[in-house]
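For reference, the chains in residue letters:
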Amino acid sequence: MKLVTLQAVRKTENGFNGTIAVPGDKSISHRAIMLGGIAKGKTVVKGFLPGEDCLSTIACLRQLGVNILQEGDYVEIDGKGVEQLREPEAVLEVGNSGTTIRLLSGLLAGLPLYACLQGDSSIAKRPMNRIVEPLRLMGTKMDGRQDGKYTPLTINGGGLHSIDYAMPIASAQVKSAILLAGLHATGTTSVTELQVSRDHTERMLEAFGVTVHRNGKKVSIAGKQSLTATTINVPGDISSAAFFLAAGSIIPNSNITIQGVGVNQTRTGIIDVLERMGASITVTGEDEQSFEPFADLKVISAPLKATEIAGELIPRLIDEIPIIALAATQAEGTTIIKDAGELKVKETNRIDTVAKELNKMGAHIETTADGLIIHGKTPLKGAHVNSHGDHRIGMMLAIAGCLADGETLIENSEAIKVSYPTFFETLRTLCELN
Ligand SMILES: O=C(O)C1=C[C@@H](OP(=O)(O)O)[C@@H](O)[C@H](O)C1
Ligand SMILES: C=C(OP(=O)(O)O)C(=O)O
């Protein structure tokens, strides 16, 4: 039986203060393990995120026969090239990780192996047809429940040919799955994005010596290229830093510096939106040397005003919408978030869970078909809330609890370990929790 965890959080009286570093970027950590696993030579990953999702990726690659040493945020991968991957003897378990199942499916599609992939009860509800359709077009024999819509997925890979695919949705996971399959297909595979999404796969493939052509929203990769091992320095995860950027803005008397955060343009929508709302954020020490840019972010509390978030901005802050919604409850005016229907197919339906849980605390949030309407300047009060097993909802509620009058109890708080296992330790360095 799974234990239900309950975390108590009380209002912080003196603000959030201090200098912190957030754990490594989740998206980049997954990709470093997968690409290191098919490269030739020793790949070293520094600043790896030892969160449950990325540990699932390591476990899957080990099942495929890759030797991986992991100690905290340090990883060494003994890469022997893609031909050394062996057929897994058991089902590949991806846990709660959408990135693991979608990217790994793309990788496996190109290899002459049979594999079965499944995850937890949240993964079982998330759409897989978005990758199954293009991978089938490339020649993959692939199936899943309801004609490939849902997990478990089975893949009988190999013998792929290239495609020129126009994506019907904005998704870095779908783009990456196709590019990883294209790596082992004949001809040149192209993907044209509907809207620009995070480009970590493209950047990391280049870091492993692969030629990737980019032309606006079109990305192309010639098949049959091999990867050469490298050292990957993973920046701090801006999606984790986002909780403190928002907290520092809305919790009075705060002053936080977050060191070494990844500031890839495809991920910095959170900074743009908070600044537009009136937040005081300073970006310093930008380092562009590495394949992914890093910077230090400083935030001090400031009065916020409402905004509208829509269109091309959405993929640049898709995972930050729960914490942006909390910030908007404290802003002057009504914030409108639209074009964010993708939120319905994350770890939970985040349109519903954000509204339901924050409204328990006194917020006034309405749901729409593709977003949220958030009425500002609503004082929050402590309540018994639930992460519903969604890490980002859990962290957002913990920050809400630091702002609300009285005590907040967060049920299923253990979900936070998916992307930020030391979240409450960081919180305790910034303020008194209880
Ligand atoms: O490629 C990635 O690492 C991710 C892409 C996004 O998902 P989609 O591709 O479904 O938009 C994001 O929400 C997820 O947390 C990580
Ligand atoms: C949606 C997320 O991740 P994934 O799709 O990898 O489960 C997330 O981290 O918010």
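Please read all numbers here as calculations on a predicted model, not as lab measurements.

**Q** Before we move on, could you go through the pairing of strand E4 (residues 67–71) and cite the residues and values that matter?
**A** In this structure, E4 lies alongside strand E5 (residues 74–80), joined through five bridges in antiparallel fashion. Along E5, the bridge assignment pairs Ile 68 with Ile 77. Between E4 and E5, which pair antiparallel one after the other, the connecting turn spans two residues, and Gly 72 there sits at a positive phi close to 60°.

**Q** Can you lay out the sheet that holds strand E7 (residues 114–118) for me, pointing to particular residues and giving the numbers?
**A** Taken in spatial order, the four strands make up an open sheet running E6-E7-E9-E8, and their pairing is mixed. Of all the strands in the sheet, just strand E6 (92–93) and strand E8 (141–144) have a single pairing partner and so form its edges. Both E7 and strand E9 (residues 150–156) contribute to a ladder of four bridges, which runs antiparallel. Looking at the pairing, Ala 115 lines up with Ile 155 of E9.

**Q** Report on the site of ligand 2, specifying residues and quantitative values.
**A** Taken together, 13 residues lie around ligand 2, and Lys 26, Gly 98, Thr 99, Arg 126 and Arg 392 are the ones closest in. Asn 96 is positioned with one of its backbone polar atoms (N or O) 3.5 Å from an oxygen atom of ligand 2. The side chain of Arg 126 places a nitrogen or oxygen atom 2.8 Å from an oxygen atom of ligand 2. In the complex, the protein chains occlude 99% of the 300 Å² of accessible area that ligand 2 would expose alone. Tallied by class, residues from the shell around ligand 2 come to no nonpolar, six polar and seven charged. Split by domain, the residues of the shell around ligand 2 number at least three in each of domain 1 (6–24 + 235–430) and domain 2 (26–233).

**Q** Go over the site of ligand 1, please, and point to the residues and values.
**A** Neighbouring ligand 1 are 13 residues; Ser 27, Arg 31, Ser 171, Asp 319 and Lys 346 lie closest to it. Between ligand 1 and Arg 31 there is a distance of 2.7 Å, counted from an oxygen atom to a side-chain nitrogen or oxygen. Bound to the protein, ligand 1 loses 94% of the 390 Å² it would expose on its own. Of all the secondary-structure elements, those providing two or more residues to the shell around ligand 1 are helix H1 (26–38) and helix H6 (172–182). Per-element accounting of the shell around ligand 1 gives the leading share, three residues, to H1. Among the residues making up the shell around ligand 1, the classes are represented as three nonpolar, four polar and six charged. Taken together, domain 1 (6–24 + 235–430) and domain 2 (26–233) each give at least three residues to the shell around ligand 1, which thus spans both.

Thresholds, definitions, all that
Residues numbered from 1 in each chain as written. Chains lettered and ligands numbered in written order. Predicted model: local features only at pLDDT ≥ 70, side-chain atom pairs only at ≥ 80, totals over all residues. Heavy atoms only, no water. Pairing = 2+ DSSP bridges. Helix = DSSP H or I, 4+ residues; strand = E, 2+ residues; numbered from the N terminus. Near = heavy atom within 4 Å. Polar contact = N/O pair within 3.5 Å; in protein donor to acceptor, adjacent residues only side chain to side chain. Areas by Shrake-Rupley, 256 points an atom, 1.4 Å probe, with all protein chains shown as cover. Nonpolar A, V, L, I, M, F, W, Y, C, P; charged D, E, K, R; others polar. Domains from an automatic or database assignment.

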